[in-house]
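The chain contents come next:
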Amino acid sequence: MNDALYLDYNASAPMRPEVLDVVTNILAAPHNASSVHSYGREGRRIIEQARSDIAAIINVPPAQLIFNSGATEANNTVLHHFAGEKIAVCAASHLSILDAAEHLVHIPVDENGLTDLTALEEILKTEAPALVSIMLVNNETGAIQPVTNISALAKRHGALVHCDAVQAIGRIPVDINALGVDFISLSAHKIGGPQGVGALALGLCGITPTMLRGGGQEKSARAGTENVAGIAGFGEAAKRADMDQYQSLQKMRDDLETQLSAISPEIIIHAKNAPRVAGTSMFSLPGISSETLLMALDLEGIALSNGSACSSGTVKASHVLLAMGASEDVASSALRLSMGWNTTPSDIEHFIESWSKIYERLKDRIKTHA
Ligand code: PLP
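Source: prediction; values computed, not measured. (Residues numbered from 1 in each chain as written. Predicted model: local features only at pLDDT ≥ 70, side-chain atom pairs only at ≥ 80, totals over all residues. Heavy atoms only, no water.)

**Focus: the sheet that holds strand 9 (residues 268-269)**
Next up, step 1: Strand order in the open sheet formed by three strands is 9-10-12, and the pairing between neighbours is antiparallel. This sheet does not close on itself; its edge strands, each paired only once, are strand 9 and strand 12 (334-338).
Next up, step 2: Bridge analysis of strand 10 (residues 280-284) against strand 12 gives five bridges, and the strand direction is antiparallel. Across the sheet, Ser 284 pairs through a bridge with Ala 334, a residue of strand 12.
Next up, step 3: Sitting on the sheet, helix 10 (residues 249-263) touches strand 9, strand 10 and strand 12, and the angle it makes with strand 10 is about 15°. (Pairing = 2+ DSSP bridges. Helix = DSSP H or I, 4+ residues; strand = E, 2+ residues; numbered from the N terminus. Contact = heavy atoms within 4.5 Å. Axes fitted to C-alpha atoms, helices over the stretch in contact; angles between N-to-C directions.)

Rendered as structure tokens:
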């Protein structure tokens, strides 16, 4: 059993025990929700309950929520629908947006990772994109984008708006109408639900982007036998998401950053002047690579990451920090610490003690490098 201290909630939040119970109980039965027998009908009922619970937290009618395998699929589905038309995307977006289509127009961000609204307006005027895709909360820095302003601007120029709200649900309010967006991507495993399940929510534009065909599931919007246990776990996690509890992490995050700066004065804390979600901190120690820091922390029994979790397991310079104007050196020495429902102040104390030891060992390298 791995008992490392887990501070990587933005990669995948640990499943809540109640969610695990729901998922394992449902997995034990052959619930193919397309079957007409009692198991099938029960599967259908479980899916519709979860659909209502999840739709409620983003204020969409349940019929406008399409289950799928996660936000990578949701993001790809939306961008593929607009392939052949111009699409403008935030330069600090997740790679499931940036790599989902070709010839994307990148909307620049400022040094705090916030969308440059003047540049966006220019892009809207000169490029006339059919779609603007923006994330609500950045997965690396935790910066909160002014999505309501962005969508108002986009709408004035006739563009539809897609919002990747994966890192926002359960942390800050997400209301499809208040945000004024046409599509929202969601993922279960960022809120203590299981991996491999997510959803695409549809706004009022009347378009249903579809990528997988070949079955009538999800009203023919997403073919494939539904992941009943995963969807149920997603619903349970959505019901249990507690924004007040999440907000209480802010004090721990602020204390952490104060102590990090006191111990290691060279540290750069990213997006510090942007509105940020409470439980995320991203920082760099220029001159010491993220890989070295991650390995040193791993030896101390602490699990965090350098930004977005990379499928190859390698550590690369953060494209988000590069988009924010950071140097290659700063972008390749970044760490992201992210907390959630099971993080305690003593976890942060433990992290700080280990950081202090590691810093003492490596600080000469910072000086020689500087
Ligand atoms: N978008 C953001 C902002 C994310 O943080 C992630 C997960 O890393 C994704 C999309 C992809 O989500 P999933 O793992 O459900 O495919």
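**Focus: the domain arrangement of the protein chain**
Next up, step 1: Each assigned domain of the protein chain is listed with its residue range as follows: domain 1 (5-13 + 244-369) and domain 2 (17-240).
Next up, step 2: Contacts between the two partners involve 26 residues from domain 1, matched on the other side by 29 residues from domain 2.
Next up, step 3: The three residues of domain 1 that bury the most area against domain 2 are Val 277, His 319 and Met 324, which together make up 24% of that side's buried surface.
Next up, step 4: Counting every contact that joins domain 1 to domain 2 gives zero salt bridges.
Next up, step 5: Our enumeration of links across domain 1 and domain 2 arrives at 15 residue pairs in polar contact (both at pLDDT 80 or more).
Next up, step 6: Elements supplying a minimum of two residues to the side of domain 1 that touches domain 2: strand 10 and helix 12 (319-323).
Next up, step 7: Per-element tally for the side of domain 1 that touches domain 2: the top contributor is helix 12, with four residues.
Next up, step 8: Taken together, the residues of the side of domain 1 that touches domain 2 break down into 14 nonpolar, nine polar and three charged. (Domains from an automatic or database assignment. Buried area = accessible area lost by both parts, 1.4 Å probe. Salt bridge = Lys/Arg side-chain N within 4 Å of Asp/Glu carboxyl O. Polar contact = N/O pair within 3.5 Å; in protein donor to acceptor, adjacent residues only side chain to side chain. Nonpolar A, V, L, I, M, F, W, Y, C, P; charged D, E, K, R; others polar.)

**Here's the deal with helix 3 (residues 71-81)**
Next up, step 1: Taken across its 11 residues, helix 3 has eight buried, putting it largely inside the fold.
Next up, step 2: Considered for burial, the residues of helix 3 that qualify are Ala 71, Glu 73, Ala 74, Asn 75, Asn 76, Thr 77, Val 78 and Leu 79. (Buried < 20%, exposed > 50% of the residue type's maximum accessible area, 1.4 Å probe, protein only.)

**Some words on the site of the ligand**
Next up, step 1: By nearness alone, 14 residues border the ligand, and Thr 72, Asp 164, Gln 167, Ser 187 and Lys 190 come closest of all.
Next up, step 2: At 2.6 Å, a side-chain N or O of Thr 72 approaches an oxygen atom of the ligand.
Next up, step 3: At a separation of 2.8 Å, an oxygen atom of the ligand approaches a polar side-chain atom of Gln 167.
Next up, step 4: Within the complex, the protein chains bury 86% of what would otherwise be the 390 Å² of accessible surface of the ligand.
Next up, step 5: Per-element accounting of the shell around the ligand gives the leading share, three residues, to helix 3.
Next up, step 6: Residues belonging to the shell around the ligand are distributed by class as follows: three nonpolar, nine polar and two charged. (Near = heavy atom within 4 Å. Areas by Shrake-Rupley, 256 points an atom, 1.4 Å probe, with all protein chains shown as cover.)

**Structural notes on the layout of surface pockets**
Next up, step 1: Taken as a whole, the second largest pocket spans an internal volume of roughly 270 Å³.
Next up, step 2: In terms of lining residues, the second largest pocket is bounded by 13 residues, among which Asn 2, Ala 4, Leu 5, Tyr 6 and Ala 303 are the most central.
Next up, step 3: For the lining of the second largest pocket, the secondary structure elements donating two or more residues are strand 1 (5-6), helix 11 (290-299) and strand 11 (302-303).
Next up, step 4: Here the lining of the second largest pocket gets three residues from one element, more than from any other, and that element is helix 11.
Next up, step 5: In the lining of the second largest pocket, the residues fall into nine nonpolar, two polar and two charged. (1 Å grid on protein atoms, 1.4 Å probe; cavity = no way out; pocket = protein on both sides within 12 Å on 5 of 7 lines; lining within 4 Å. Points joined across faces, edges and corners; volume = space filled by probe spheres on them.)

**Some remarks on the pattern of salt bridges**
Next up, step 1: Tallied over the entire structure, the rule returns 17 salt bridges.
Next up, step 2: For Lys 251, the salt bridge is made with Asp 255, and the minimal N-O distance between the two is 2.8 Å. Taken together, the residues span about one helical turn, with Lys 251 and Asp 255 both in helix 10 at a distance of four residues.
Next up, step 3: A relative accessible area of 56% places Lys 251 in the exposed class.
Next up, step 4: Among the residues examined, Asp 255 registers a relative accessible area of 33% and is labelled partly exposed.
Next up, step 5: Here the salt bridges share partners, and the residues they tie into one network are Arg 44, Glu 48, Arg 51, Glu 218 and Glu 226.

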